[in-house]
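Structural overview for review
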Amino acid sequence: DTRYIKVNPAHPEAEAVREAGLILRGGGLVAFPTETVYGLGANALDGKAVARIFEAKGRPSDNPLIVHVAAAEEVGALVRGISDRARLLMEIFWPGPLTLVLPAGKAVPAGVTAGLDTVAVRMPDHPVAAALIRAAGVPVAAPSANISGRPSPTTAEHVLQDLNGRIEAILDGGPAGLGVESTVLDVTVPVPLILRPGGVTPEELREVLGTVEVDPSAAAGLGKAAGRYRSPGMKYIHYAPRAPLVLIEGRPDAVAAKIRELAGEQQAAGRRVGILTYADSGDFSSAGVVVLAGQRGKPETVAAGLYAALRRFDELGVDLILAEGVEEGGVGLAVMNRLRKAAGGRILRVTEQG
Ligand code: TXA
Ligand code: MG
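Rules used throughout
- Residues numbered from 1 in each chain as written.
- Chains lettered and ligands numbered in written order.
- Predicted model: local features only at pLDDT ≥ 70, side-chain atom pairs only at ≥ 80, totals over all residues.
- Heavy atoms only, no water.
- UniProt positions renumbered as here; feature names shortened; annotations may be inferred.
- Pairing = 2+ DSSP bridges.
- Helix = DSSP H or I, 4+ residues; strand = E, 2+ residues; numbered from the N terminus.
- Contact = heavy atoms within 4.5 Å.
- Axes fitted to C-alpha atoms, helices over the stretch in contact; angles between N-to-C directions.
- Buried < 20%, exposed > 50% of the residue type's maximum accessible area, 1.4 Å probe, protein only.
- Core = buried A, V, L, I, M, F, W, Y, C linked by side-chain atoms within 4.5 Å.
- pLDDT = per-residue confidence, 0-100.
- Salt bridge = Lys/Arg side-chain N within 4 Å of Asp/Glu carboxyl O.
- Arc of directions from axis to C-beta.

As annotated in an unreviewed UniProt entry, the chain carries the name Threonylcarbamoyl-AMP synthase and comes from Pelotomaculum thermopropionicum. The chain has a UniProt comment under Sequence similarities (unreviewed entry) that states "Belongs to the SUA5 family." Turning to the chain, the UniProt annotation filed under Subcellular location (unreviewed entry) states: "Cytoplasm".

Okay, structure coming up:
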């Protein structure tokens, strides 16, 4: 069974952290909160422990993991050199939701990098994550702590829904902060490239770096159609609730009209329709079962509520979900990337009203 250990999120109890650290050192799996989502940790230098992550999540073995450190000084042992640019980014954004893709060092097992010659590294900004990594005394490989394909967990309860009995322990430090994952930035290429939009926005990165590109498949949240992938994780369907999700994008008034029209048709056909919308959008309660994910005018609130909202539809047992898109500014880009991936290609762009 999975050991459930409650900890104080701001000041985690030393005994609890020590115990979890020992489990990691011994090759076990421990789920823990970060400032983005919950992670599923293993000793990043232990190939066998890392293999157990893939098994527990049902994760395809060609999708590499992020290595988590408690201090920037720990990165040297994991990589073949740190460029001035990478160092600057660490100084400015660490600890925080920025993952850097760097040339991989020899110490990193192939299971972590999925055989690539790069390794993704980040320093999380959460007292529990930091304390756990220090207690383990090793870098910690950690994907999001969900079954592969499901929405990432933002609470310990979400983790247990997916992984209870499959992992040694979970540290419950309350809800994770941002609600969407870290930004994955490739700094091994001439122009830094965002492989996955996340907590640190393109705008923030551009202030520091000047030019930053966004991988087209990352922006569009495309599946297989995108062809070649720099970040293997981008090609899989992800974040998906059980019921099919249709994403409707475009001008808010046109989107609202389309949702009402589609919901009406579906209800008439006897289907239970779920509607993913926002507190500052229209009232859709007559059109279906409404779940709110924050306020569309404040993308941070949508990020914080998105995954819980997607999981909520599973509990409500809807047959179909109609989801309203949001603006792509700031963390809105990460939100739209996740919604497009959850839709798995079922995306409608409406242009005119009605
Ligand atoms: O916020 C986060 O990043 C969370 C928390 C737990 O830290 N972790 C997370 O891990 O989201 P995961 O495994 O769910 O997503 C890692 C992403 C995947 O899209 C993967 O393909 C990409 O990072 N990635 C990992 N190593 C890479 C590499 N060497 N090159 C390119 N992409 C890489
Ligand atoms: Mg994930």
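The structure having been displayed, the exposition proceeds.
Another aspect to go through is the sheet that holds strand β2 (residues 30-33). As summarised here, the arrangement of the 11 strands in space is β1-β8-β2-β3-β7-β4-β6-β5-β9-β10-β11, forming an open sheet in which the pairing is mixed. Lying at the two open borders of the sheet, with one neighbouring strand each, are β1 (3-6) and β11 (213-214). Here strand β4 (residues 66-68) runs beside strand β6 (residues 118-122); their pairing, made up of three bridges, is parallel. Considered in β6, the bridge of I66 is made with A120. Here helix α2 (residues 47-57) sits on the sheet in contact with β3 (38-43) and β7 (140-141), set at roughly 145 degrees to β3.

Let us look at helix α5 (residues 127-136). Burial runs high along α5: seven of the 10 residues are buried. Elements in contact with the buried residues of α5: α1 (14-25), β2, β4, β7 and β8 (169-172). Trailing α5 by a residue or two, G137 shows a phi angle of about 75 degrees, which is positive.

Formed by 47 residues in total, the largest nonpolar core has its most connected members in W94 and L185. Taken together, the elements giving at least two residues each to this core come down to β3, α2, α3 (84-93), β5 (98-103), β6, α6 (156-163) and α7 (202-209). It is α2 that contributes the most residues to this core, five residues altogether. If we ignore the near neighbours within four places in the chain, the residues touching L185 are L89, L98, T99, L100, V101, P192, L193, I194, L205, L209 and V212. By size, the runner-up hydrophobic cluster in this structure holds 29 residues, among which are Y239, A243, Y278 and V331.

Note that T2 resides in the segment before β1. Those residues within four positions of T2 in sequence are excluded, and the remaining contacts are L160, L163, N164, G165, R166, I167, E168, A169 and I170.

The subject of this paragraph is the sheet that holds strand β14 (residues 289-292). As a general point, the strands of a sheet are linked pairwise by backbone hydrogen bonds and lie either parallel or antiparallel. The five strands are arranged β14-β13-β15-β12-β16 in an open sheet whose pairing can be described as parallel. Whereas interior strands pair on both sides, the edge strands pair on one side only; in this sheet they are β14 and β16 (347-350). Adjacent strand axes in the sheet meet at a mean angle of 20 degrees, parallel and antiparallel pairs treated alike. Here strand β13 (residues 273-277) pairs with β14 via four bridges, running parallel. Bridge pairing in β14 links I275 to V290. Its contacts with the sheet place helix α11 (residues 332-343) against β12 (245-250), β13, β15 (320-324) and β16, and it is angled at close to 135 degrees to β12.

Right, let's get into the confidence of the model for the chain. In the predicted model, the chain carries a mean pLDDT of 94, and the fraction of residues at 70 or more is 94%. Scored below 50 in pLDDT, residues 223-228 shows five contacts in the model against residues more than four places distant or in partner chains. In the model output, the complex is listed with pTM 0.95 alongside ipTM 0.99.

Moving on, we come to the pattern of salt bridges. Inspection of the entire model under this criterion finds 17 salt bridges. Residue E168 is joined to R52 by a salt bridge in which the shortest nitrogen-to-oxygen separation is 3.2 Å. Of this pair, E168 sits in the loop between α6 and β8 while R52 sits in helix α2; the two residues are 116 residues apart in sequence, bridging distant segments of the chain. Residue E168 is classed as partly exposed on the basis of its relative accessible area of 29%. Taken together, the shared-partner salt bridges in this structure form one network comprising R150, D162, R242, R311 and D314.

Let us now look at α3. Of the residues making up α3, those classed as buried are A86, L89, M90 and F93. Buried residues along α3 cover an arc of 100 degrees about the axis, so they all sit on one side. Seen from the buried face of α3, the exposed residues on the opposite side, beyond 90 degrees, are D84 and E91. Those residues of α3 hidden inside the fold are in contact with β5, β9 (183-186) and α7.

So, about the environment of E261. For E261, the position within the fold is in helix α9 (residues 252-268). For E261, a relative accessible area of 35% corresponds to the partly exposed category. C-alpha of E261 to C-alpha of A145: the two residues are 116 residues apart in sequence and 37 Å apart in space.

On to the UniProt feature "domain: YrdC-like" (unreviewed entry) in the chain. Under the local residue numbering, the UniProt record ascribes the feature "domain: YrdC-like" (unreviewed entry) to residues 14-200. For residues 14-200, the end-to-end C-alpha separation is 30 Å, with 29% helix and 20% strand making up the annotated structure.

Backbone torsion omega between W94 and P95 reads -10 degrees, so that peptide bond is classified as cis. Topologically, P95 is positioned in the loop between α3 and β5. The backbone of A114 shows a phi angle near 55 degrees, a positive value even though the residue is not glycine. Turning to its location among the elements, A114 is positioned in the loop between α4 (110-113) and β6.

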